[in-house]
Amino acid sequence: MPPSPQPSAATPAGAASPSITSPERPLPLFALMAAVLVVFATANAPVPIYPIWQHAMGFAPGTIGVIFVFYNLGVLIALLCCGRLSDLYGPRLVLLPALVLAVAAALLFAFAPNVAVLCVARFLIGLASGGCVSAGTAAILLAGRRRGIGHISLYATLSVVLGFGLGPLTAGVLASFAPAPSRLVFFLLACLLATLLLILTRSLPPLRQPSQSVRIWQLPRLPADNRPILLTAIVIFAGPFALSALFISLAPSMIAELLHNGSPIVAGAAAFLVFASGGAGGVFARKLTVWRSAWLSLALALSSLALVLLSELSVSLPLFALAAAAAGIAQSVGQYTGVQLVNRHTPEEILGSVNATFFLGGYGTAGLAVLSMGFASNAFGLFAGSLVFSAVCLVMFMAAIFGVATTRLMPAVQR
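Procedures and definitions
- Residue positions within a chain follow its written sequence, with the count starting from 1.
- In view of the model being predicted, local features appear only for residues whose pLDDT reaches at least 70, and side-chain atom pairs are presented and counted only at 80 or more, with totals across whole chains, interfaces and linings using the full set of residues.
- Excluded from the side-chain calculation are hydrogens and water; included are all heavy atoms of the structure.
- For every residue, the pLDDT score states the predictor's confidence, bounded by 0 at the bottom and 100 at the top.
- Working definition: helices are DSSP H or I runs of at least four residues, strands are E runs of at least two. Numbering for both runs from the N terminus.
- Contacts are assigned to residue pairs with any non-hydrogen atoms lying within 4.5 Å of each other.
- Throughout this description, buried means an accessible area under 20% of the type-specific maximum (1.4 Å probe, protein chains only), exposed means over 50%, and partly exposed covers the range between.
- Polar contact is the term for a pair of N or O atoms within 3.5 Å; when the atoms are in protein, one must be able to donate a hydrogen and the other to accept it, and sequence-neighboring residues count only if both atoms are side-chain atoms.
- Axis geometry follows a simple rule: fit a line to the C-alpha atoms, using only the stretch in contact for helices, then measure angles between N-to-C directions, giving values from 0 to 180 degrees.
- Orientation categories follow fixed angle ranges, with anything under 35 degrees roughly parallel, anything over 145 roughly antiparallel, 65 to 115 roughly perpendicular, and all other angles oblique.
- Note on convention: near helix rotated counterclockwise from far helix by under a right angle means a left-handed crossing. Clockwise means right-handed.
- Three categories are distinguished: nonpolar for Ala, Val, Leu, Ile, Met, Phe, Trp, Tyr, Cys and Pro, charged for Asp, Glu, Lys and Arg, and polar for the others, with Gly belonging to the last.
- Nine residue types can take part in a nonpolar core, namely buried Ala, Val, Leu, Ile, Met, Phe, Trp, Tyr and Cys, and a core is a set of them joined through side-chain atoms within 4.5 Å.
- Centre distance within 6.5 Å is the pairing criterion for rings of Phe, Tyr and Trp, where only the six-membered ring of Trp is used; planes under 30 degrees apart are then read as stacked, over 60 as edge-to-face, and the remainder as tilted.
- Each patch groups residues whose relative accessible area exceeds 30% and which form no salt bridge, using 9 Å between like charges and 5 Å between nonpolar side chains of Val, Leu, Ile, Met, Phe, Trp and Tyr.
- Where accessible areas are quoted, they stem from the Shrake-Rupley method and a 1.4 Å probe; at the residue level, only the protein chains shown are allowed to cover.
- By definition here, a salt bridge exists when the distance from a side-chain nitrogen of Lys or Arg to a carboxyl oxygen of Asp or Glu is within 4 Å.
- Given a helix with a known number of residues, its expected span is that number minus one, times 1.5 Å.

**Quick look at the confidence of the model for the protein chain**
Phase 1 of the analysis: Across the protein chain, the average pLDDT comes to 82, with 88% of residues at or above 70.
Phase 2 of the analysis: Across the protein chain, helix 4 (residues 92-111) holds the top mean pLDDT of 95, while helix 10 (residues 264-285) sits lowest at 81.
Phase 3 of the analysis: Considering only residues more than four positions removed or in separate chains, one finds that residues 1-23, a stretch of pLDDT under 50, has 39 contacts.

**Here's the deal with the environment of Phe68**
Phase 1 of the analysis: Tracing the chain through its elements places Phe68 in helix 3 (residues 63-89).
Phase 2 of the analysis: Taking the relative accessible area as the measure of exposure, Phe68 reaches 2% and is therefore buried.
Phase 3 of the analysis: Along the primary structure Phe68 and Gly367 are separated by 299 residues, whereas in three dimensions their C-alpha atoms are 7.6 Å apart.
Phase 4 of the analysis: Leave out the neighbours within four places in its chain, and Phe68 touches Arg122, Ala245, Ile248, Ser249 and Val370.

**Comments concerning the side chain of Gln335**
Phase 1 of the analysis: Examined against the element boundaries, Gln335 turns out to sit in helix 12 (residues 317-344).
Phase 2 of the analysis: Since its relative accessible area comes to 1%, Gln335 is described here as buried.
Phase 3 of the analysis: One polar contact links Gln335 to Gln331, side chain to side chain, over a distance of 2.7 Å.
Phase 4 of the analysis: When neighbours within four sequence positions are excluded, Gln335 is seen to be in contact with Thr157, Val160, Phe237, Phe358 and Phe359.

**What about unusual backbone geometry?**
Phase 1 of the analysis: You will see that His260, though not glycine, has its phi angle at about 60°, which is positive.
Phase 2 of the analysis: Residue position: His260 is located in the loop between helix 9 (251-257) and helix 10.
Phase 3 of the analysis: You will see that Val315, though not glycine, has its phi angle at about 50°, which is positive.
Phase 4 of the analysis: Inspection of the secondary structure puts Val315 in the loop between helix 11 (290-314) and helix 12.

**Focus on the packing of helix 4 against helix 5 (residues 115-147)**
Phase 1 of the analysis: Between helix 4 and helix 5, whose axes approach to 8 Å, the crossing angle comes to 155°. Between helix 4 and helix 5, the angle falls in the class roughly antiparallel. For the pair helix 4 and helix 5, the sense of crossing is left-handed.
Phase 2 of the analysis: Grouping the amino acids of the contact of helix 4 with helix 5 by side-chain chemistry returns 19 nonpolar, two polar and one charged.

**Some thoughts on the nonpolar core**
Phase 1 of the analysis: Ranked by size, the top nonpolar core spans 133 residues in total, and within it Phe247 and Tyr363 carry the most contacts.
Phase 2 of the analysis: Per element, the largest residue contribution to this core is 16 residues, and it comes from helix 5.
Phase 3 of the analysis: Those residues in contact with Tyr363 that lie beyond four places of it in its chain are Phe40, Tyr71, Asn72, Val75, Leu76, Leu79, Val133, Phe164 and Phe241.
Phase 4 of the analysis: Counting residues in hydrophobic clusters, the runner-up holds five residues, among them Leu154, Leu158, Val333 and Tyr336.

**Re the packing of aromatic side chains**
Phase 1 of the analysis: Summed over the entire model, instances satisfying the criterion amount to 13 aromatic pairs.
Phase 2 of the analysis: When the ring of Phe358 is compared with that of Phe359, the centres are 5.0 Å apart and the planes differ by 80°; the resulting orientation is edge-to-face.
Phase 3 of the analysis: Taken together, the ring pairs connect Phe40, Phe164, Phe237, Phe241, Phe358 and Phe359 into an aromatic cluster.

**A closer look at the side chain of Ser377**
Phase 1 of the analysis: Inspection of the secondary structure assignment puts Ser377 in helix 13 (residues 351-380).
Phase 2 of the analysis: Judged by its relative accessible area of 9%, Ser377 is buried.

**Regarding a nonpolar patch on the surface**
Phase 1 of the analysis: Judged by side-chain polarity, Leu310, Leu313, Phe383 and Leu387 come together as a nonpolar surface patch covering roughly 370 Å² of accessible area.
Phase 2 of the analysis: Those elements giving two or more residues to the nonpolar patch turn out to be helix 11 and helix 14 (382-406).
Phase 3 of the analysis: Mapped onto the elements of the fold, Leu313 is located in helix 11.

**A word on helix 14**
One full turn of an α-helix is made of 3.6 residues, so residues set three or four places apart face in the same direction.
Phase 1 of the analysis: Taking 1.5 Å of rise per residue, the 25 residues of helix 14 would be expected to cover 36 Å, and the 36 Å separating its terminal C-alpha atoms lies within 8% of that figure.
Phase 2 of the analysis: If you check which residues of helix 14 are buried, you get Leu382, Gly385, Ser386, Phe389, Ser390, Val392, Cys393, Met396, Phe397, Ala400, Gly403 and Val404.
Phase 3 of the analysis: For helix 14, the secondary structure elements touched by its buried residues are helix 8 (227-246), helix 9, helix 11 and helix 13.

**What about the packing of helix 6 (residues 152-177) against helix 12?**
Describing two packed helices takes the angle between their axes plus the distance from one axis to the other.
Phase 1 of the analysis: One can describe the packing of helix 6 onto helix 12 by two numbers: an axis separation of 9 Å at closest approach and a directional angle of 140°. It follows that helix 6 is oblique to helix 12 by the angle criterion. For the element pair helix 6 and helix 12, the recorded crossing hand is right-handed. Residues Ile152, Ser153, Leu154, Thr157, Val160 and Val161 of helix 6 form the contact with helix 12, whose own contacting residues are Gln331, Ser332, Gln335, Tyr336, Val339, Gln340 and Asn343.
Phase 2 of the analysis: Residue composition of the contact of helix 6 with helix 12, by class: six nonpolar, seven polar and no charged.

See below:
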């Protein structure tokens, strides 16, 4: 039985102290990792299906950016409360409803007749993803701490990254070779999600009761003592994450219109390449110091951005693939670096809230970048949209470079 963690002296004044000292059922590490992976696979499965929906429903390429932002909106709303709910009551209260929402989203994707239903489905899977990325990854980190597992930050990162990659690859293959190209993958994902819902219903610890009444909905906060290092963690993650979002939103339209290849397999493979290379990059990053991995992430992100523009100018699919691989490594290394900093510098009783704030920064900036590109693409074309996207990303990269260059490594909080 893992030892019960002791409350940290870093608990914010006036905050409720959840009952973390009482014995409770161990967190099911592998079931948690599987749940996070499959939810993110469901979130990204639409990537190679967008051209099919676009042809059937008759919407413009930039509309995909709007549909994508509904996902980010759902994530942001979930992040504002799910981390705190998980801290106060335990992950059961967040993860089980998240899986229910993910099942509903998968079924809506399968039967969507128009853009409005796609937006609703993206919003629901965004809520589910926000719950999993805050409460789910925090629960993975906590389960790893209690088991004494080294590099648990890598486990949490890979659960997200592999889900991001396997969803579009599977959807692209099924869309090309299986019947019901826009439906089958979502039926299969709905079945997997329902199975994981049953497993976690039986294996997650029961709800905790906070010691006093608390406000659940609140703006994101970071512990004052560690605020500079945690803000740096956010900006390290935000820019590369926004770049990777390009490959799961407007990339299929870019490949079809600018690179003249409309195959669902190619669109799905491009998204898979982002996150497959990201998985390999995350494994490599654990051998680096946290600041070296931060610099590596930013250097690769800048290189990827340049390669995207070069691939468009030269109409080169290989250059675009190289850009996807570089973006994937940059995103995964940046996320691993940020999660590592959060894990080192956050007391256990507010880990869910701080983890939610960390991802809030990433999803907020990714949504801004993709939405800007979507509007610019509808008005001026995809190439002009990619220039606007590049400008937004460059601002985030400069903020990250400044943060890394000016922030010193702080001692870890007492946990």
